[in-house]
Amino acid sequence: MSMNRVINQPELVVEDMLVGWLAAHADTVRASADNPRVVQRVQAPERGKVGIVTGGGSGHEPAFLGYVGDGLVDAVAVGEIFSSPTAKSFMDAMRAADGGAGVACLYGNYAGDNMNVKMAAGMAAREGITVRTVVANDDVASAAKGDEARRRGVAGEILMWKVGSAKADTGAGLDEVITAAQKAIDRTRSVGIGLSACVIPAVGHANFKIEHGTMEVGIGHHGEPGIDVRATVSAAEMAEMMLDIVVPDLPFVAGNRVAVLISGLGATPLMEQYILYGEVEKRLRARGITVAVNFVGNLFSSLEMMGVTLTVMQLDDELEGLLKAPCRSVGLTVTGERTARDFSANAAAAGERTAAAQGERAARTVAARTISGPAVDLATSGDVVRALIATVVEHRQFLSEIDGLIGDGDHGINMAKGFNGCGMRLDALGAQAAALPAAFEQLAKALMDDIGGSMGPLYGRFFLGFVDTLDGQPQMDAALFGDALAAAVANVQGMGNAQVGDKTLIDTLVPALAAYREALAGGSTFAAALQAMSAAAEAGKDSTKNLQARIGRSARLGARSIGVLDAGATSCWLILRAMAQALGTKLPA
């Protein structure tokens, strides 16, 4: 083993961790019967109680699964290290928490989480489960004041979970729970300081570096850079600096009562966390601000990163009471007697769930298209997907290395996991996998079910564009492929706000589609148009090297993102190139 870590296989650290977690805490939590990546409270769901759900990437323990417990979260979706859980996992968590009174999904503001929660909420609605959301955006350093919607969620999520969960525990309805949770995060501000980097086990090396004697002010929980890099200062100076960032932002003013949460990022000793808390409390008191509630400890970590986060919430009587309400979980326990709970009003109003077949499309009759020119037999071309799988797996390390320069370094790892999962699905499908639409459908489902972050839903929806266009057609000519590609690109564009020039896979997809259409319009053959698509995809991928990221986590780097290829744009080029090559072999000579 090259890493000095307490692990077995680097790629299976999350699975191995969950085995130990569930064994250690079997008195309070259990695995969902539907999904090993969902952990739920032993008593959940409770009839008539509003279900509380959250989810996020692993590596932040005790967040997120550590806040499943009595008086806290009912179910949590567990993602890969630093990656959003899949839409399927969020959906299964919603189902596990639903007692008929609706579900409040309280999560952090990251692209992958936003996409997957949105998809999961849509799935839940088809099953008759009402889901409403509150998105944490407490990190002051991640976007300017006035642009709070772009701020990421950090340790302030813990206070949001505590408030929303305590409100649900009183028998409140879904609207009341959402209102309380939204008020909690609206009154919360956070900032972090990073002192050393962390290593994702499957990557094997740090994706960023903090020089000895320096600190990254405003760092994110995945190592995203913050405001700037400064010389390391004393705990007293850190406290002053952090308060100067969060206090004016709300603002917090003399006479306020507040909750203060100090969290280590994984490697910071508790001794040092309490030193910082003492300095923070003293300075707040000097400003006329009273700390009425405090939590100190490794509450929201980042693997073995050295550093701390400060979270401050402006209290009113309701928020203070909800924060002080008794609860018990691995991550947070507040002592006291829980009052008798009455969910009868919610239970009486809860209707029966409507039956819905998840992921199944309604049967429909599709008229066969008129074919013109050379065409691919769709019934026998499912091995095109095998070619895509081989390409992604072959370039797994390459894609992760690119991603590691300005991201988490897990793009290739996660992509390979999803595509390999498709291979197993195709094996299980047997003879049906010979049809290209069926093979594309298995690929789409594997990516949405097995890849967290933003890539799972983006690529899943991409391949569903091909499925929806090709399903029921016996052959695919150049025009039909063009329609399928257009539908796939439109699906991706509909998932987010990325435009050409933002340094994303859109910089590969849009030029590729344009080149394909232009080639056909100019009289090119199907094969030649596929090659034009592939060449334009490569040029689009190359263009991202000179772009500054304007969306996603890399956008936090600003000008530091220039000079590096975008990992999503690169994997998209590899997929389109492999697709062009594989389809080309299917065309008549």
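Rules used in this analysis
Residues numbered from 1 in each chain as written. Predicted model: local features only at pLDDT ≥ 70, side-chain atom pairs only at ≥ 80, totals over all residues. Heavy atoms only, no water. Pairing = 2+ DSSP bridges. Helix = DSSP H or I, 4+ residues; strand = E, 2+ residues; numbered from the N terminus. Axes fitted to C-alpha atoms, helices over the stretch in contact; angles between N-to-C directions. Parallel < 35°, antiparallel > 145°, perpendicular 65-115°, else oblique. Left-handed = near helix turned anticlockwise from the far one by under 90°. Contact = heavy atoms within 4.5 Å. Salt bridge = Lys/Arg side-chain N within 4 Å of Asp/Glu carboxyl O. Buried < 20%, exposed > 50% of the residue type's maximum accessible area, 1.4 Å probe, protein only.

Peer 1: It is not clear to me how the pairing of strand β2 (residues 38-41) should be interpreted in this structure. Could you clarify?
Peer 2: Sheet topology note: the strand β1 (residues 29-31)/β2 ladder contains three bridges and is antiparallel. Residue V29 lies in a different strand from β2, and its bridge partner there is R41. Between β1 and β2, which pair antiparallel and follow one another directly, the connecting turn spans six residues. With three bridges joining them, β2 and strand β4 (residues 75-81) adopt antiparallel strand pairing. By the bridge assignment, V39 is partnered in β4 with V76.

Peer 1: Quick question: what am I supposed to make of the packing of helix α13 (residues 436-450) against helix α14 (residues 455-470) here?
Peer 2: When two helices pack together, you describe them by how their axes are tilted relative to each other and by the distance separating the axes. Relative orientation of the contacting elements α13 and α14 amounts to 160°, with a least axis distance of 8 Å. Classified by the interaxial angle, the pair formed by α13 and α14 is roughly antiparallel. As α13 packs across α14, the resulting crossing turns out to be left-handed. Taking contact as the criterion, the partners of P437, F440, E441, L443, A444, L447 and M448 in α13 are, on α14, G456, P457, Y459, G460, R461, F463, L464, F466, V467 and L470.

Peer 1: Even after reading the chapter, I still don't get the pattern of salt bridges, so can you show me in this structure?
Peer 2: For side chains of opposite charge, pairing can occur when their charged atoms come near one another. Using the criterion set out here, one finds 44 salt bridges in the structure. R37 serves as the salt-bridge partner of E80, at 2.5 Å between the closest nitrogen and oxygen. Of this pair, E80 sits in strand β4 while R37 sits in the loop between β1 and β2, placing them 43 residues apart in sequence. In this structure R37 comes out as buried when scored by relative accessible area, which is 13%. E281 is paired through a salt bridge with R285; the nearest N and O atoms lie 2.8 Å apart. In this pair, E281 and R285 both sit in helix α7 (residues 270-286), four residues apart, roughly one turn of the helix. For E281, a relative accessible area of 23% corresponds to the partly exposed category. By relative accessible area, R285 is classed as exposed at 51%.

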